[in-house]
Amino acid sequence: REAGNQVLRDRKVSGLLYGRTIIHVYFGPFDFLPDNEYTPPTSDVAKIMGSKETGALKNLLGFHLLQRGIATMSGRFFVMSAVHSKQDVDRTIEAFAESLDSMIAEGVLPRT
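Below is a short write-up of the structure. From a predicted model like this one, the values you see are computed outputs, not experimental measurements. (Residues numbered from 1 in each chain as written. Predicted model: local features only at pLDDT ≥ 70, side-chain atom pairs only at ≥ 80, totals over all residues. Heavy atoms only, no water.)

On to the overall build of the chain, then. Along the chain, the regular secondary structure elements total 4 helices and 3 strands. The helix and strand sequence of the chain, counted from the amino end, reads α-β-β-α-α-β-α. Principal axes of the C-alpha set define a box for the chain whose edges measure 35 × 30 × 25 Å. For the chain, buried positions account for 35% of its 112 residues. Relative to all contacts within the chain whose residues are 6 or more apart in sequence, the contacts with residues 24 or more apart total 47%. A total of about 6700 Å² of accessible surface is found on the chain, and carbon and sulfur atoms cover 57% of it. Looking at charge distribution, the chain has the averaged site of its 13 positive side-chain charges lying 2 Å from that of its 13 negative ones. (Helix = DSSP H or I, 4+ residues; strand = E, 2+ residues; numbered from the N terminus. Buried < 20%, exposed > 50% of the residue type's maximum accessible area, 1.4 Å probe, protein only. Contact = heavy atoms within 4.5 Å. Areas by Shrake-Rupley, 256 points an atom, 1.4 Å probe, with all protein chains shown as cover. Lys, Arg positive; Asp, Glu negative; His and termini not counted. Charge placed at Lys NZ, Arg CZ, Asp CG, Glu CD.)

Pasting the structure below:
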């Protein structure tokens, strides 16, 4: 979460990775800054679930990650487990950064 959120901040993308062993992807405006890594930046369920456009962004993220060898649940969340090594996590963060860069270059990922 921490490394992925730094990637989002570095690219000025309004988004957040949050959750426990299932790391959820949130794209959109923040209503508040969570005080822990498990909480989304809004309590509005409609924002958490996302609009049609947000769903499309997550699907596109999923495709970009898959092209880089990282399988997610359609870009909606990452499932982490004890079998994932530090190398696996580092590779995932690298693919996440590359995917966001591609989406920004394509002009489909809004930035703050």
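This part covers the environment of Thr-42. If you trace the backbone, Thr-42 turns up in the loop between β2 (22-27) and α2 (45-49). Here Thr-42 falls in the buried class, since its relative accessible area comes to 2%. Residues in contact with Thr-42, not counting those within four places in the same chain, are Tyr-26, Asp-31, Phe-32, Lys-47 and Ile-48. Among the polar contacts made by the side chain of Thr-42, one reaches the side chain of Asp-31 at a distance of 2.4 Å. Here Asp-44 takes part through its backbone nitrogen, which lies 3.0 Å from a polar atom of the side chain of Thr-42. (Polar contact = N/O pair within 3.5 Å; in protein donor to acceptor, adjacent residues only side chain to side chain.)

With that settled, the discussion passes to the sheet that holds β2. What the 3 strands build is an open sheet, ordered β1-β2-β3; its pairing is antiparallel. Of all the strands in the sheet, just β1 (15-18) and β3 (77-79) have a single pairing partner and so form its edges. Recorded for the sheet is a direction-independent mean angle of 10 degrees between the axes of neighbouring strands. Sheet topology note: the β2/β3 ladder contains 3 bridges and is antiparallel. Each residue of the ladder has a partner; that of Ile-22, found in β3, is Val-79. With respect to the sheet, helix α1 (residues 2-10) is in contact with β1 and β2, its orientation differing from that of β1 by roughly 180 degrees. (Pairing = 2+ DSSP bridges. Axes fitted to C-alpha atoms, helices over the stretch in contact; angles between N-to-C directions.)

So, about the packing of aromatic side chains. Going through the model one piece at a time under the given rule, you end up with 2 aromatic pairs. Summarising the aromatic geometry, the rings of Tyr-26 and Phe-30 are spaced 6.2 Å apart at their centres and angled 65 degrees between planes, so their arrangement reads as edge-to-face. Summarising the aromatic geometry, the rings of Phe-78 and Phe-96 are spaced 6.1 Å apart at their centres and angled 85 degrees between planes, so their arrangement reads as edge-to-face. Separated by 18 residues along the polypeptide, Phe-78 in strand β3 and Phe-96 in helix α4 (residues 86-105) bring together distant segments of the chain. Cation over ring: Arg-20 sits above Tyr-38, and NZ or CZ is 3.8 Å from the ring centre. (Phe/Tyr/Trp six-rings, centres within 6.5 Å; stacked < 30°, edge-to-face > 60°. Lys NZ or Arg CZ within 6 Å of the ring centre and 35° of its normal.)

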